[in-house]
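Here is how the chains run, residue by residue.
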Amino acid sequence: MAFATINLNLDVNSCLNGLWASLRLGRPKSGIQKLEKEMARLRSKRGDIKNKIGEAEREGKIPTDEVSQWLREVEELEGQVADINQDFQSMSCFSCNCFYQTGGTSNQTPQAGDQVPIRESSNYCSISRRMVKLLCEANELMSRAGALDPIATVGPPEPAVMLPISHRLPVGIESYVENIVGYIDGGEGNIIGIYGMGGVGKTTMLKSIQRHYYNHRIFDHVIWVVASKEYQLKMLQMDIAKSLELKTLQETDDERTCGDKLFSYLKNRNCLLLLDDIWEHLDLQLLGMAHSATERGQQQQQLPRKVVVFTTRSETVCARMIAEKKIKVKCLDPNQAWQLFKDNSDEDVLSSDKRINSCAQDLAKECAGLPLALVTVARAMSGKKSWELWNDALHQIRDKHEWTTMDLLEEDSVMYKAFKLSYDSLENDSIRECLLCCALWPEDYDIHKFEELIPCWIGCGIIREFNVINEAFTKGCSHLEALMAASLLEHSSRRWDYYEAQHVKMHDVIRDMALLMVPRLKGNGRKWIVKAGIGLHNLPRQEEWQEAERASFMQNRILSLPEYEASTFSKLSKLFLLLNDNPLNIPPSLFASMPRLTYLDLSKCDIKELPMEICNLTELQYLNLSYTFIGSLPLKFGCLCKLEYLLLRYTKLETIPNGAISNLSMLKWLDIRGYFPVFDLLNELKCFKGCHQLSLGITINPADLERLGMVPNVSVWNLTVRGWQSSEFLKYDLDSVSDNLERLTISDVPGDKLTMNAGVNCESSSRYFKTLYFESLRQLETICLNGVGFNNLCDLYIYGCDKLKDVSWVLQLPSLNLLDMKYCEEIEELISNVGNYNSSFGIKMLNLAFMKNLHHIACQPCHFPYLEYIRVYDCPSLKKLPFGVEILKSRLKEIIGDQTWWDNLDWDDENNKNSFTFYFRDRFH
């Protein structure tokens, strides 16, 4: 008879200890649950400590050694707890494994005569014993957590600062920026002056510093303001308050009161103030950036850091500002200058002919190392492929006759020569005149292309040959591209701009050169007076502008307009008074004093009525009254027999007198969006018998759409459909409105499905259709866009569509540049079904805001080869970006969002976050 042999290797003490542990914890499963509960508390505490470490690191501190050791111990304990969980899950089904030999594994059922291979971790008693030990360690770590104070301390000085992507900075800038950042981080001084000639790169340097401290958050606030030559202190104070989103400052406050409010708000905060282009001493205490004498005397407490970095053209200003560090930005050395010139030239052209290359090097030398001049000249010569053209340019820039007669400083003459060469190289006089017009706006002003600049070019007669207004805007965009390509205009850098390409600005040096050139054109017969954005409360003295042909007083604080005698300003043809937001009373005599006026812009002025004498401006061709408070037009308004362009956007008009519109026989463009209802206007338009087809911008009730379609000789250019009388708004054919419809807004209509057809039967239909808005469509669930008319759609805005679930259909829009979505409450995923659409999403700008349920942009693979900007505001559930580092090889320029959103994003690889950090901007800075 055979007997099974079991080898007993029994550790009585271990068994008794395990049994005692089992009695204390109960069964292992219960013990596991108690241990996990304690670990959950420990993880929460660790999360709180890590958050505090993050805050401290933004102040330049590092965790203490004690805190670092505590974190390591928690991490080790976490690993041991994970091992116990794993062992418990894989434990043998035998009820008392303490009788099996330890060591090895227990995956097989023991057979007769075997040495049973069970490891210690699978022993009930062993697991219970280990649980007791780890639970004690967890309790001990929790008790130590309360004594971890301080969490962080000041770390050792960091090595020399290297910016994340320094190669992106222009030639010659890197070393200056690294020097200044190192000086700030070292705490050596709080007032830093950067000085040098105009166009040498001071502003570029300041922007690089600003960008660095957006990403290295050691200051509570990073504030950027532009002073400019004719600034006023109150304007600077209001700009700082705007940057801080501080609402306590009032327009009625005096400078001292504003200064006190800024000081009170900033006194306990670490701040970096970047002041661009100052021309004289500024009282930093009135800007909230200096400590009081009492505070400075309190040596025992650490005061918050207040750092000011400013740019100026004058070393004397640095001395007056008592700058602790003065940095002179020098022109580039010959090698750097030639590199910058090549960077902005066509390399193929430079290498195609040795003579061209030689001329290019000589041109670069003539720019005397001035970066703005180098870029301007290089861009002016772009596309010039013959040596003769390069040689002519070299002779022009070396011709001393013109420069010596202008009595310019040497530094100004370098820039003026470069500007003149670039100006002359523009394709035609129309583009040149467009450039000069830009100088009418205030220094450093962000000019809206479509609301301000192109309408100005149209009204000034620079763009004249067109049948419908769409053609004029197309021509205007072409001129803009030419000026941008020549670096004579640049994209706006305004951080609150939803789409950077909507605004442009003129470098202050380029603006100076343009204004310098105006009186030298047309045989010294032109005179402009430009006093824009300088805080004027009154117009200049009559003698200062009596001979002016063009006058710009925009964006001031003008309180009243004087009475003038008839024909006082007999040469004045264009008057810019827009953006004067004080209540403005226009005296009747004003228009009699300007009998040759052809252009008048009063938009965004606080005007409630027009004197009827405006009807005597028989030469007037352009009138802009948009965003004013006028409630009616004068009875004889129709007597403006030469008026071609009338802009009445968002006024307070209640009625339109008979004949006020229909008698304007030369009218080409009428924009009356926001005027609602339009019954009087439609009657006027039915009687309109103008010489031209009228391009119309209008806001209308859908019930009046049919009547609008019946109006003869009218081409709808910009249409807003608002409100609805029936129960649904199901289907709309855009071709029934106009082939020239370019912008459409659909707002406040009911219905859960919206179908839009454009150019279904004809490829030429809706050829201009570029911009589409859906606003406050609260019931809308589905949108269908049918027809080739949407092939040119560039910009799509979807606001307040609460029930919309999905916008996968945007993938069928081949020309879409911008997708801007806000307040769409139920959307969880933008693109949930790629389907048969092209998975390559061609947009340049993605703007998402106030969508609390948005979790994903696209879960399915979707490519973004052209994406330049992504902006995410108040979308707390969006935890992941729809692309990886591969997008950095394309066109990405900027990611803007809330800092907390950025910090909590999920990444497949933490290194990816580091790669994207350079592109991220906190929207509150």
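All values reported here derive from a predicted model rather than from experimental measurement. (Residues numbered from 1 in each chain as written. Predicted model: local features only at pLDDT ≥ 70, side-chain atom pairs only at ≥ 80, totals over all residues. Heavy atoms only, no water.)

Trainee: I keep staring at the overall build of the protein and nothing clicks. Help me out?
Mentor: The helix and strand inventory of the protein stands at 27 helices and 32 strands. Contacts spanning at least 24 positions in sequence make up 63% of the contacts within the protein whose residues lie at least 6 apart. With the model as given, the accessible surface of the protein reaches about 42,300 Å², and the carbon-plus-sulfur share is 47%. (Helix = DSSP H or I, 4+ residues; strand = E, 2+ residues; numbered from the N terminus. Contact = heavy atoms within 4.5 Å. Areas by Shrake-Rupley, 256 points an atom, 1.4 Å probe, with all protein chains shown as cover.)

Trainee: Quick question: what am I supposed to make of unusual backbone geometry here?
Mentor: Note: most peptide bonds trans; most residues except glycine with negative phi. In this structure, Glu-245 is a non-glycine residue whose phi angle is positive, near 55°. Phi at Asp-444 takes a positive value of approximately 65°, unusual for a residue other than glycine. As for its position among the elements, Asp-444 is in the loop between α18 (429-438) and β8 (447-448).

Trainee: How should I be thinking about the pattern of salt bridges in this particular structure?
Mentor: When their charged atoms lie close together, side chains carrying opposite charge are able to pair. Applying the stated criterion across every chain, the model contains 38 salt bridges. Lys-326 serves as the salt-bridge partner of Glu-315, at 3.9 Å between the closest nitrogen and oxygen. On the criterion of sequence distance, the pair formed by Glu-315 in helix α10 (residues 315-320) and Lys-326 in strand β7 (residues 325-328) is long-range, its members being 11 residues apart. The partly exposed category is assigned to Glu-315, whose relative accessible area is 41%. Given a relative accessible area of 43%, Lys-326 falls into the partly exposed group. Lys-893 is the partner of Glu-868 in a salt bridge, and the nearest nitrogen-oxygen pair spans 3.7 Å. Pair noted here: Glu-868 is in the loop between β29 (856-858) and β30 (869-873) and Lys-893 is in the loop between β30 and β31 (894-897), with a separation of 25 residues, a long-range link. Under the relative-accessibility criterion, Lys-893 is labelled partly exposed at 41%. The network of salt bridges with common partners includes Glu-36, Arg-43, Arg-46 and Glu-78. (Salt bridge = Lys/Arg side-chain N within 4 Å of Asp/Glu carboxyl O. Buried < 20%, exposed > 50% of the residue type's maximum accessible area, 1.4 Å probe, protein only.)

Trainee: Sorry if this is basic, but what is going on with the environment of Thr-651 here?
Mentor: Secondary-structure assignment places Thr-651 in the loop between β16 (645-647) and β17 (669-671). We classify Thr-651 as buried; its relative accessible area is 10%. Along the chain, Thr-651 and Ser-626 lie 25 residues apart, while their C-alpha atoms are 6.0 Å from each other. For Thr-651, the residues in contact, after removing those within four places along its chain, are Leu-625, Ser-626, Tyr-627, Thr-628 and Ile-630. A distance of 3.4 Å separates a polar atom in the side chain of Thr-651 from the backbone nitrogen of Leu-653. (Polar contact = N/O pair within 3.5 Å; in protein donor to acceptor, adjacent residues only side chain to side chain.)

Trainee: Whenever I open this one, the sheet that holds β8 confuses me. Can you help?
Mentor: Strands in a sheet are paired, the pairing made by backbone hydrogen bonds, and the direction either parallel or antiparallel. Reading across the sheet, the three strands line up as β8-β10-β9 and stay open at both edges, with antiparallel pairing between neighbours. At either end of the open sheet lies a strand with only one pairing partner, and these are β8 and β9 (490-491). Here β9 runs beside strand β10 (residues 503-505); their pairing, made up of two bridges, is antiparallel. Within β10, the residue paired with Glu-490 across the bridge is Lys-505. (Pairing = 2+ DSSP bridges.)

Trainee: I keep staring at empty space enclosed by the protein and nothing clicks. Help me out?
Mentor: Over the atoms, a rolled probe matching the size of one water molecule traces out where space is still vacant. Inspection of the entire model under this criterion finds seven cavities of 30 Å³ or more. For the largest cavity, the calculated volume is near 60 Å³. Every residue lining the largest cavity is listed: Met-197, Gly-198, Arg-313, Glu-411, Asp-412, Met-415, Val-509 and Met-513. Only α17 (410-425) and α21 (508-517) provide two or more residues apiece to the lining of the largest cavity. In terms of residue count, α17 provides more of the lining of the largest cavity than any other element does, three residues in total. Of the residues belonging to the lining of the largest cavity, the class tally is four nonpolar, one polar and three charged. (1 Å grid on protein atoms, 1.4 Å probe; cavity = no way out; pocket = protein on both sides within 12 Å on 5 of 7 lines; lining within 4 Å. Points joined across faces, edges and corners; volume = space filled by probe spheres on them. Nonpolar A, V, L, I, M, F, W, Y, C, P; charged D, E, K, R; others polar.)

Trainee: Would you take a moment to explain the packing of aromatic side chains for this structure?
Mentor: Remark: the centre distance and the inter-plane angle together describe each pair of aromatic rings, the angle taken between the planes. The final tally for this structure, using the stated rule, is 25 aromatic pairs. Their ring planes at 55° and their centres at 6.3 Å tell us that Trp-901 and Trp-902 sit as a pair that is tilted. Here Trp-901 and Trp-902 have matching classes, each one buried. You can call Trp-902 buried: its relative accessible area is 3%. Taken together, Phe-864, Phe-883, Trp-901, Trp-902, Trp-907, Phe-916 and Phe-920 form an aromatic cluster joined through their ring pairs. Lying across the ring of Tyr-265, Arg-269 places its NZ or CZ 4.0 Å from the centre. (Phe/Tyr/Trp six-rings, centres within 6.5 Å; stacked < 30°, edge-to-face > 60°. Lys NZ or Arg CZ within 6 Å of the ring centre and 35° of its normal.)

Trainee: What is the right way to read a negative patch on the surface from this model?
Mentor: On the surface, Asp-343, Asp-346, Glu-347 and Asp-348 cluster together into a patch of negative charge. Structurally, the position occupied by Glu-347 is in helix α12 (residues 347-352). (Patch = residues over 30% accessible without salt bridge, like charges linked within 9 Å, V, L, I, M, F, W, Y side chains within 5 Å. Lys, Arg positive; Asp, Glu negative; His and termini not counted. Charge placed at Lys NZ, Arg CZ, Asp CG, Glu CD.)

Trainee: Explanation requested: the sheet that holds β7 in the structure shown.
Mentor: The five strands lie next to each other as β4-β5-β6-β3-β7, forming an open sheet whose pairing is parallel. Where the open sheet ends on each side, the last strands, each with one partner, are β4 (221-226) and β7. Each strand axis lies, on average, 15° off the axis of its neighbour in the sheet, ignoring direction. The strands touched by helix α5 (residues 174-185) within the sheet are β3 (191-195), β6 (306-312) and β7, with β7 carrying the most contacts at an inclination of about 175°. (Axes fitted to C-alpha atoms, helices over the stretch in contact; angles between N-to-C directions.)

Trainee: Got a minute to help me understand the packing of α18 against helix α19 (residues 449-459) in this structure?
Mentor: When two helices pack together, their arrangement is given by the angle between their axes and by how far apart the axes lie. In contact at an axis separation of 10 Å, α18 and α19 are set at 125° when each is read in the N-to-C sense. Comparing their axes, α19 and α18 come out oblique. Here the hand of the crossing between α18 and α19 comes out right-handed. Contacts between α18 and α19 involve Cys-434, Cys-437 and Cys-438 on the former and, on the latter, Leu-453, Cys-456 and Trp-457. The residue inventory of the contact of α18 with α19, partitioned by class, reads six nonpolar, no polar and no charged. (Parallel < 35°, antiparallel > 145°, perpendicular 65-115°, else oblique. Left-handed = near helix turned anticlockwise from the far one by under 90°.)

Trainee: How should helix α11 (residues 334-343) be read in this particular structure?
Mentor: Residues Ala-337, Trp-338, Leu-340 and Phe-341 constitute the buried set of α11. The buried residues of α11 occupy an angular sector of 160° when projected down its axis, which confines them to one face. In the core, the buried residues of α11 are packed alongside α12, α13 (354-366), α14 (371-380) and α15 (387-398). Two to three positions downstream of the cap, the backbone nitrogen of Asn-335 sits 3.1 Å from a side-chain oxygen, assigning the N-cap of α11 to Asp-333. (Arc of directions from axis to C-beta.)

Trainee: Would you mind going over the packing of α19 against helix α20 (residues 469-485) with me for this structure?
Mentor: The geometry of α19 relative to α20 is characterised by a closest axis approach of 10 Å and an angle of 100° between their N-to-C directions. By the angle between their axes, α19 is roughly perpendicular relative to α20. On α20, the residues touching Lys-449, Phe-450, Leu-453, Ile-454, Pro-455, Trp-457 and Ile-458 of α19 are Ile-469, Ala-472, Phe-473, Gly-476, Cys-477, His-479, Leu-480 and Leu-483. For the contact of α19 with α20, the per-class residue count stands at 12 nonpolar, two polar and one charged.

Trainee: Would you take a moment to explain the pairing of strand β25 (residues 795-799) for this structure?
Mentor: It is a general feature of regular strands that their side chains alternate between the two faces of the sheet. The buried fraction of β25 amounts to four of the five residues, a majority that puts the element mostly inside the structure. Strand direction decides the pairing type here: β25 and strand β26 (residues 818-822), joined by five bridges, are parallel. By the bridge assignment, Tyr-797 is partnered in β26 with Asp-820.

Trainee: Can you help me understand the side chain of Glu-684 in this one?
Mentor: Locating Glu-684 in the fold gives a position in helix α24 (residues 679-686). The side chain of Glu-684 sits in the buried core without any salt bridge; Lys-689 is the nearest counter-charge, 10 Å away. In this structure the side chain of Glu-684 is engaged in a polar contact, spanning 2.8 Å, whose partner is the backbone nitrogen of Ser-662. With residues up to four places along the chain from it excluded, the contact list for Glu-684 reads Ile-656, Pro-657, Asn-658, Gly-659, Ala-660, Ile-661 and Ser-662.

Trainee: Sorry, what's going on with the side chain of Ser-552 here?
Mentor: Locating Ser-552 in the fold gives a position in strand β12 (residues 550-552). Residue classification places Ser-552 among the buried residues on the basis of a relative accessible area of 0%. Those residues in contact with Ser-552 that lie beyond four places of it in its chain are Leu-440, Ile-529, Val-530, Lys-531, Ala-532 and Phe-576.

Trainee: Got a minute to help me understand the confidence of the model for the protein in this structure?
Mentor: Interpretation of this model should avoid reading the predicted coordinates in detail wherever pLDDT is low. For the protein, per-residue confidence averages 83 on the pLDDT scale, and residues scoring 70 or more make up 84% of the total. Within the model, pLDDT remains below 50 along residues 92-122, and this stretch shows 52 contacts once partners closer than five positions in the same chain are excluded. Every residue in residues 156-167 scores below 50 in pLDDT, and together they form 15 contacts with partners more than four places removed in sequence or on other chains. (pLDDT = per-residue confidence, 0-100.)

Trainee: Teacher, can you tell me more about α19 here?
Mentor: Given 3.6 residues per helical turn, the α-helix brings residues three or four places apart onto the same face. Burial analysis of α19 places 10 of its 11 residues in the buried class, which makes it a mostly covered element. Those residues of α19 that fall on the buried side of the exposure criterion are Lys-449, Phe-450, Glu-452, Leu-453, Ile-454, Pro-455, Cys-456, Trp-457, Ile-458 and Gly-459. Following α19 by one or two positions, Gly-461 has its phi on the positive side, about 85°.

Trainee: What's the story with the pairing of β3 in this structure? I'm lost.
Mentor: Most of β3 is tucked away: five of the five residues are buried. Direction of pairing for β3 relative to β6: parallel, over a ladder of five bridges. Following the sheet pairing, Ile-192 is matched in β6 by Val-309. Pairing geometry for β3 and β7, over four bridges, is parallel. Bridge assignment links Gly-193 to a residue of β7, and that residue is Lys-326.

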